[in-house]
Amino acid sequence: MSIQTVGVIGAGTMGNGIAQACAVSGIAVVMVDISQQAVDKGLATVAGSLDRLIKKEKMTATQKDAALARISTSTDYAALTGAQLVIEAATENEALKIKILQQLDTMLPAETIVATNTSSISITKLAAATQRADRFVGMHFFNPVPMMALVEIIRGLQTSDATHDAVAALAVTLGKTPVTVKNAPGFVVNRILVPMINEAFFVLAEGTATPEDIDNAMKLGCNQPIGPLALADMIGLDVCLAVMNVYMAEFNDSKYRPCPLLKEMVAAGWLGRKTGRGVYTY
């Protein structure tokens, strides 16, 4: 299947990032959200991001105008009927995603592929809630989407080869590197990353080193661009805790036990950058 038009549900951080990546790569985009204010904000974010690329001389004003012209917006799912692929990038809430996917089923052509940008919810379970399980797949983009090269392509038990191949080819068109992943909690990146962050909290709780020294050790010793504790603050400590709780429930393995210090900080409301305080103060 040749994907010429992509629908994106959600104009927030991930949705507008996906829309930008598509538009810059010559793909027409229909970006949908629940309110005109939301889609206008998403489009303005894309425009601002493109302006920064112009300042860095990575894009011309003409190229910016062409990219923006490829993005249309709507508050009506009916606007998505001409897309060959619709990517759901709504809030990470299983019930909400299922509701959206079932609404899409009633109006999209049978051949349309539907993808979800979930970072944690079972692709197999979401697929089973649709009438197109073989044409359903996970496309896990990473934030910020225009900058990050990776896309995890997650196959549910029902995902067909044709569906997988079509979205993997699109990822390449977008200048991304697709990695194929079986459906499993956390997929690949978060399965490795979040337990590493959790272990950094254990090291901190044990007084082995200061937060700054833990982060510097991982940056300088493992060539990581940001230390695990600073990254936790960026992701949100509540999000990290929620992911570890999912792993603990799904695998029933004590190695996924959330660090008590992480739980204590979340209970205190110290969630990281978004609250002004986490491991560090902002």
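Residues numbered from 1 in each chain as written. Predicted model: local features only at pLDDT ≥ 70, side-chain atom pairs only at ≥ 80, totals over all residues. Heavy atoms only, no water.

- By the naming in an unreviewed UniProt entry, the chain goes by 3-hydroxybutyryl-CoA dehydrogenase and is assigned to Ideonella paludis.
- Listed under Sequence similarities (unreviewed entry) in UniProt, the entry text for the chain is "Belongs to the 3-hydroxyacyl-CoA dehydrogenase family." (UniProt positions renumbered as here; feature names shortened; annotations may be inferred.)

## Description of the UniProt feature "domain: 3-hydroxyacyl-CoA dehydrogenase C-terminal" (unreviewed entry) in the chain
Consideration 1: In the numbering used here, UniProt assigns the feature "domain: 3-hydroxyacyl-CoA dehydrogenase C-terminal" (unreviewed entry) to residues 186–282.
Consideration 2: End C-alpha atoms of residues 186–282 are separated by 28 Å, and the span's content is 62% helix alongside 0% strand. (Helix = DSSP H or I, 4+ residues; strand = E, 2+ residues; numbered from the N terminus.)

## Focus: the sheet that holds strand S3 (residues 71–74)
Consideration 1: Read across the sheet, 8 strands follow the order S3-S2-S1-S4-S5-S6-S7-S8 without closing on themselves; strand pairing throughout is mixed. Two strands in the sheet have a free side with no partner beyond their single neighbour: S3 and strand S8 (177–182). With direction set aside, neighbouring strand axes in the sheet form an average angle of 25°.
Consideration 2: Set on the sheet, helix H4 (residues 94–107) makes contact with strand S1 (5–9), strand S4 (85–88), strand S5 (113–116) and strand S6 (136–141); between it and S4 the angle comes to about 160°. (Pairing = 2+ DSSP bridges. Axes fitted to C-alpha atoms, helices over the stretch in contact; angles between N-to-C directions. Contact = heavy atoms within 4.5 Å.)

## Some points on unusual backbone geometry
Consideration 1: Cis geometry is adopted by the peptide bond preceding Pro 144, which originates at Asn 143 and carries an omega value of 0°.
Consideration 2: As for its position among the elements, Pro 144 is in the loop between S6 and strand S7 (150–155).
Consideration 3: Unlike most non-glycine residues, Phe 187 shows phi in positive territory, near 55°.
Consideration 4: Along the chain, Phe 187 falls in the loop between S8 and helix H7 (189–205).
Consideration 5: A relative accessible area of 4% means that Phe 187 is categorised as buried.
Consideration 6: For Asn 252, which is not glycine, the phi dihedral falls at a positive 50°.
Consideration 7: Relative to the assigned elements, Asn 252 resides in the loop between helix H10 (237–251) and helix H11 (260–267).
Consideration 8: Under the relative-accessibility criterion, Asn 252 is labelled exposed at 67%. (Buried < 20%, exposed > 50% of the residue type's maximum accessible area, 1.4 Å probe, protein only.)

## Re the environment of Leu 108
Consideration 1: With respect to the helices and strands, Leu 108 occurs in the loop between H4 and S5.
Consideration 2: Separated by 98 residues in the primary sequence, Leu 108 and Glu 206 place their C-alpha atoms 54 Å from one another.
Consideration 3: Residues contacting Leu 108, with those up to four places away along its chain left out, are Leu 80, Thr 81, Val 86, Val 114 and Arg 132.

## Considerations on the nonpolar core
Consideration 1: Ranked by size, the top nonpolar core spans 35 residues in total, and within it Val 6, Ile 18, Leu 85, Ile 87, Met 139, Phe 141 and Leu 170 carry the most contacts.
Consideration 2: When residues of this core are assigned to their parent elements, the largest contribution, 6 residues, is made by helix H1 (residues 13–24).
Consideration 3: In this structure Phe 141 touches Met 14, Ile 18, Ile 87, Asn 117, Leu 150, Val 151 and Leu 174, once residues within four positions along its chain are discounted.
Consideration 4: Counting 25 residues, the second largest nonpolar core, distinct from the first, contains Leu 229, Val 243, Cys 259 and Tyr 280. (Core = buried A, V, L, I, M, F, W, Y, C linked by side-chain atoms within 4.5 Å.)

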